Amino acid sequence: MLFHEVTIRIGSIASRRTHDSATLLPATVENFRDLVQRHGVEFRGPLPVKGLEHIELALARAGSAAMATFWAGGAPVISSALAPGINPGDDRKALEGLQSLILCLFGDPPAEPGFDLLTIPDRPLLTTVPIAALPNPDRAIITDAATCLAAAFFLSVLGGP
């Protein structure tokens, strides 16, 4: 399954990528898929990957869409909206939630932000904002985990192998 990713940094879109879930680590995607399917509408817990239990995931569903935040050392590190494109209202709630978070985190900038998450037409869509700087390897691990979580979530709600 193909899905799109947009990363937001202060004031603008930093990157756009397209992922193919078939190219990601199958065991990791399946671990996240199991986690998404086992838990209800909202949960927070350690990553389901041996050796990464110090990183936590909080996931809150808004109908067919969701918001996810990865935590390390008790602080939020990356937050994402997952908009699968099933229900435009659900996608809108998740994207509005992330856009509000971005504006809260980065204060009232002197100029309007150079993005509007609600105008991104791509679906399924993972939109991510880094909240705190992290040293490697945690930064790379959390970025990869967000991508695998998105693949798992989209496969769960849209169906697929």
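Structure: above.
Read on for an overview of the structure. Numbers given to residues run from 1 along each chain, matching the order in which its sequence is written. For a predicted model such as this one, the threshold for reporting local features is a pLDDT of at least 70, and the threshold for listing and counting side-chain atom pairs is 80 or more; totals across whole chains, interfaces and linings nevertheless cover every residue. To get the side-chain values, all heavy atoms of the structure are used, and hydrogens and water are removed first.

**Thoughts on the sheet that holds strand E6 (residues 75-83)**
Thought 1: Spatial strand order, E2-E1-E7-E6-E5-E4-E3: seven strands in an open sheet with mixed pairing. The open sheet is flanked by strand E2 (12-20) and strand E3 (42-46), the only strands paired with a single partner. For this sheet the average axis-to-axis angle between neighbouring strands, irrespective of direction, equals 20°.
Thought 2: Pairing between strand E4 (residues 55-62) and strand E5 (residues 65-72): eight bridges, direction antiparallel. Bridge pairing in E5 links alanine 58 to threonine 69.
Thought 3: Whether two residues are in contact is decided by their heavy atoms, any of which lying within 4.5 Å being enough. A fitted line through C-alpha atoms serves as each axis, taken over the contacting stretch for helices, and the angle formed by two N-to-C directions is quoted from 0 to 180°. Working definition: helices are DSSP H or I runs of at least four residues, strands are E runs of at least two. Numbering for both runs from the N terminus. Together, strand E1 (2-9), E4, E5, E6 and strand E7 (125-130) form the strand contacts of helix H2 (residues 88-105), whose direction differs from that of E6 by roughly 150°. Strands were regarded as paired on the criterion that DSSP finds at least two bridges between them.

**A word on the pairing of E7**
Thought 1: Exposure classes here rest on a 1.4 Å probe applied to the protein chains alone. A residue is buried below 20% of its type maximum, exposed above 50%, and partly exposed in between. With five of six residues buried, E7 is to be regarded as a mostly interior element.
Thought 2: Strand direction decides the pairing type here: E1 and E7, joined by four bridges, are parallel. Across the sheet, valine 6 pairs through a bridge with threonine 127, a residue of E7.
Thought 3: Both E6 and E7 contribute to a ladder of six bridges, which runs antiparallel. Paired with isoleucine 78 across the strands is proline 130, a residue of E7.

**A look at H2**
Thought 1: Between the first and last residue of a helix there are one fewer steps than residues, each counted as 1.5 Å, and that sum is the expected span. The terminal C-alpha atoms of H2 lie 25 Å apart, and with 18 residues this matches the ideal 26 Å at 1.5 Å per residue to within 8%.
Thought 2: Turning to H2, its buried residues number three or more, namely Asp90, Asp91, Ala94, Leu95, Leu98, Gln99 and Ile102. All buried residues of H2 lie within an arc of 165° about the axis, which places them on one face of the element. Residues of H2 that are exposed and point over 90 degrees away from its buried face: Lys93 and Cys104.
Thought 3: At its buried positions, H2 is contacted by E1, E4, E5, E6 and E7.
Thought 4: The opening residue of H2, the one whose side-chain oxygen lies 2.7 Å from the backbone nitrogen of glycine 89, is asparagine 87. What the arc describes is the spread of directions from the helix axis to the C-beta atoms. Polar contacts, as used here, are pairs of N or O atoms within 3.5 Å; protein pairs need one atom able to donate a hydrogen and one able to accept it. Residues neighboring in sequence count only if both atoms are side-chain atoms.

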